[in-house]
Amino acid sequence: MFFGVSHIDVPVSDLARAEALWGKVIGLKEVKRGEGFVDLDSGSVILRLVQVSQVSRPVTLRVSVSDVQRAFETLIQSGGRALYEAQRTPAMELEAHVADLDGN
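Residues numbered from 1 in each chain as written. Predicted model: local features only at pLDDT ≥ 70, side-chain atom pairs only at ≥ 80, totals over all residues. Heavy atoms only, no water.

A. Representation of the pairing of strand β5 (residues 81–88). Here β5 runs beside strand β6 (residues 94–99); their pairing, made up of 5 bridges, is antiparallel. Bridged to Tyr84 within β6 is His97. (Pairing = 2+ DSSP bridges. Helix = DSSP H or I, 4+ residues; strand = E, 2+ residues; numbered from the N terminus.)

Structural data, given as structure tokens:
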């Protein structure tokens, strides 16, 4: 029997750097730590940052924020790479796309 998603693995080449972005900048709280990983609570699912030698399959995550432009600028100033500036979707939602240094 399935109970739901326990966590999502996010492969990262530098665990400390990723933890600084996801924990300090985005504000996710650490809930567990082990050899080569740290679990961060997103409020709805746990993100497991997993140390790998090379990220071959980055993941895509959609994050809800109250101010898209401000979040976009904060992520860029924190080392993120702009994929798409803030723009309106056909449904008139404001969204922006940013990648971390591993392409997630």
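Picking up where we left off.
B. Here's a closer look at the packing of aromatic side chains. Under the criterion given, the structure shown has 0 aromatic pairs. In this structure, Arg48 is placed above the aromatic ring of Phe37, and the distance from its NZ or CZ to the ring centre is 4.1 Å. (Phe/Tyr/Trp six-rings, centres within 6.5 Å; stacked < 30°, edge-to-face > 60°. Lys NZ or Arg CZ within 6 Å of the ring centre and 35° of its normal.)

C. Layout of the nonpolar core. Within the largest apolar cluster, 11 residues are counted, these being Val10, Val12, Leu15, Ala18, Leu21, Trp22, Leu28, Val38, Leu40, Leu47 and Leu49. Contributions of two or more residues to this core are made by β1 (8–12), α1 (15–25), β3 (37–41) and β4 (46–51). Other than its neighbours up to four places away in sequence, Trp22 contacts Gly27, Leu28, Leu40, Leu47, Leu49, Leu61 and Asp100. (Core = buried A, V, L, I, M, F, W, Y, C linked by side-chain atoms within 4.5 Å. Buried < 20%, exposed > 50% of the residue type's maximum accessible area, 1.4 Å probe, protein only. Contact = heavy atoms within 4.5 Å.)

D. Focus on helix α2 (residues 68–77). Between the side-chain oxygen at the start of α2 and the backbone nitrogen of Gln69 there is a gap of 3.3 Å, and the oxygen is on Asp67. Among the residues trailing α2, Gly79 stands out with phi positive, at a value near 105 degrees. (Polar contact = N/O pair within 3.5 Å; in protein donor to acceptor, adjacent residues only side chain to side chain.)

E. Inspection of unusual backbone geometry at higher detail. In this model, Met92 sits at a positive phi of 70 degrees, which is unusual for a non-glycine residue. Assignment of secondary structure puts Met92 in the loop between β5 and β6. Met92 sits in the exposed class, given a relative accessible area of 55%.

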